[in-house]
Amino acid sequence: MKLHDSLTRRTRRFEPLRPGRVTVYGCGPTVYDFAHIGNFRTFAVYDLLHRYLRWRGHEVDFVVNFTDVDDKTITGAADAGLRLAEHTETFVKAFLDDAKTLGFLPFSGHPRATAHIPAMVAFVEGLVERGSAYLAADGSVYYAVTSFDRYGRLSGKGGEDGAGRARIDAEDFEKRDPRDFALWKPAQAADREVGAVWDSPWGPGRPGWHLECSVMATSLLGDTIDIHLGGEDLLFPHHENEIAQSEAATGEPFARFWVHVKHLKVDARKMSKSLGNFHTVRELLDEGYDPAAIRWTLLSAHHRSELNFTRDGLDDATAAVQRLVDFRRRLRDSPASRGDGRGLAARAAEHLAAFGRALDDDLNVPRATAALWTLVKEVNTELDGAGGRVARTDREAVLGALAEMDAVLGVVGLAESSRKVAGADEERVQTLVEAREQARAARDFATADRIRDELAAEGIRLEDTPGGTRWTRVRTGP
Ligand code: AMP
Ligand code: ZN
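Residues numbered from 1 in each chain as written. Chains lettered and ligands numbered in written order. Predicted model: local features only at pLDDT ≥ 70, side-chain atom pairs only at ≥ 80, totals over all residues. Heavy atoms only, no water.

What follows deals with the overall build of the protein chain. Helix and strand content of the protein chain: 16 helices and 15 strands. Its C-alpha atoms give the protein chain principal-axis dimensions of roughly 90 × 50 × 35 Å. A total of 478 residues make up the protein chain; the buried ones form 53% of that total. Of the roughly 21300 Å² that the protein chain leaves accessible, carbon and sulfur atoms contribute 50%. (Helix = DSSP H or I, 4+ residues; strand = E, 2+ residues; numbered from the N terminus. Buried < 20%, exposed > 50% of the residue type's maximum accessible area, 1.4 Å probe, protein only. Areas by Shrake-Rupley, 256 points an atom, 1.4 Å probe, with all protein chains shown as cover.)

So, in structure tokens, the structure goes:
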């Protein structure tokens, strides 16, 4: 497998440090609000990588944290008049629900920053002892960037002019260097109000955000992890600072591969809370979109390429998922032909191999799905030519290849199961379709049309073929 690494800026061959076992850390949601589908573009790539690594036979330790103490969670709790833990719990649950809705495999663990405070304190003590951090007059402990000569290697923003900094804060007067960042912050009134205060050798306070990830990653996965993930905005300063802290503390390389996911955009602008141009998974579900279509949309572009969110895109994804579901159903229900197969098994194997090669090449999903569509097209053509019949061996091979591909993409199974929820439905539709056929046979066209319109209103399209009426769902419910 080859993976693009943001640190070396190269696409390199990936082998886990310990054979057979891959360690991955992904920066998780800040649980102060519902995650939007921009966040979920990044998280969907986490799930894709997770599924892919397992598909390739690795054991995977995949940790995604919850940032449950930082400025935003504290302000959010104070505004809601809640304790910090009460406030964040709502959004932890929401994230887990949304992840399930989108068909994510369960990750190995979701550490909460607040559950690792003693380890964070010990980590900072180690940095102070090594001369990598210092206590300032305001009671904060800062990381001394000048003590780490590789600072800036990831982002190229290591310059002493403080490149990449948006503004000068009051705390800058406390620092030895404007690039220094807080590892530990002394308790403020708002922190006390919501219960975001812990003891430390430097007095009551709370950890800095960058520190949280370094400590959770190294204490759960070891000093050197195989892959570290995050959205592109985290590259600087978050990940730059994680490297500086972790490598100063352990003396070992922190992460062997850095994978960054490009931001989801809306109308060419970043989808974000502050711009107010965001959608949540639950909003899209309320509008009637299928979870599998949302998932397909989020995975439709390569993770280092632009992806622009539009409703047209979501409609296209709905149609694509529908096509796959129909394809599987057609194949599953096709009558067996007599005689030998017609080479579909070999073609299924060939396209499955191409699918795997595309993912081996820096998780190239668009190329992988192109292999999937070629398979669908070839098999459909074959079925059309053979009156819808297929040899049993061919059918099993194609269904097997489709299942293998879907083990990574995770859309067909998801679409089928989400339809099952609306499930009883299927029988009712079938009954109505038959009632309409009878009405037509009796030349009662008024009844037949009324049934057709009723089904159309539910997003179900009928197609009258010589073999009977076929129905497909063009969209899920109103
Ligand atoms: P946050 O909850 O703000 O800590 O963000 C959680 C994750 O979502 C981080 O990895 C961010 O980089 C990522 N993220 C934020 N906005 C977007 C976006 N518009 N598109 C993709 N990823 C995003
Ligand atoms: Zn992080």
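Going through the model one piece at a time under the given rule, you end up with 33 salt bridges. For R150, the salt bridge is made with D149, and the minimal N-O distance between the two is 4.0 Å. For R150, a relative accessible area of 35% translates into the label partly exposed. A salt bridge links D464 to R440; the nearest nitrogen and oxygen atoms lie 3.1 Å apart. Placement of D464 in strand 14 (residues 460–465) and of R440 in helix 15 (residues 424–441) is noted, with a sequence separation of 24 residues between them. What makes R440 partly exposed here is its relative accessible area of 34%. Within the structure, one salt-bridge network assembled from shared partners comprises R342, R347, E378 and E382. (Salt bridge = Lys/Arg side-chain N within 4 Å of Asp/Glu carboxyl O.)

Our focus in this paragraph is the coordination of the zinc ion (ligand 2). Every protein donor of the zinc ion (ligand 2) is accounted for by C27 (SG), C213 (SG) and H238 (NE2), and the metal-donor separations fall at 2.0 to 2.2 Å. Look at where the donors of the zinc ion (ligand 2) fall in the sequence and you get C-x185-C-x24-H. You can see C213 sitting in helix 6 (residues 209–221) and its partner H238 sitting in helix 7 (residues 235–250), a full 25 residues away along the chain. Using a relative accessible area of 0% as the deciding quantity, one classes C213 as buried. Judged by its relative accessible area of 1%, H238 is buried. (Donors = N, O, S within 2.8 Å, 3.2 Å for Na, K, Ca; no water.)

Another aspect to go through is the packing of aromatic side chains. Scanning all chains against the criterion turns up 18 aromatic pairs. Both rings, one in F40 and one in F43, keep their centres 5.5 Å apart while their planes meet at 80 degrees; by these two values the pair is edge-to-face. Of this pair, F40 and F43 both sit in helix 1 (residues 37–55), three residues apart, roughly one helical turn. F40 sits in the buried class, given a relative accessible area of 0%. Ring geometry for F43 versus F95: centroids 5.3 Å apart, planes at 90 degrees, classification edge-to-face. Placement of the pair is F43 in helix 1 and F95 in helix 3 (residues 84–101), with a sequence separation of 52 residues. Overall, the relative accessible area of 4% leaves F43 in the buried class. On the basis of relative accessibility, which here comes to 3%, the residue F95 falls in the buried class. Between R176 and the ring centre of Y134, over which it is positioned, the NZ or CZ distance is 3.9 Å. (Phe/Tyr/Trp six-rings, centres within 6.5 Å; stacked < 30°, edge-to-face > 60°. Lys NZ or Arg CZ within 6 Å of the ring centre and 35° of its normal.)

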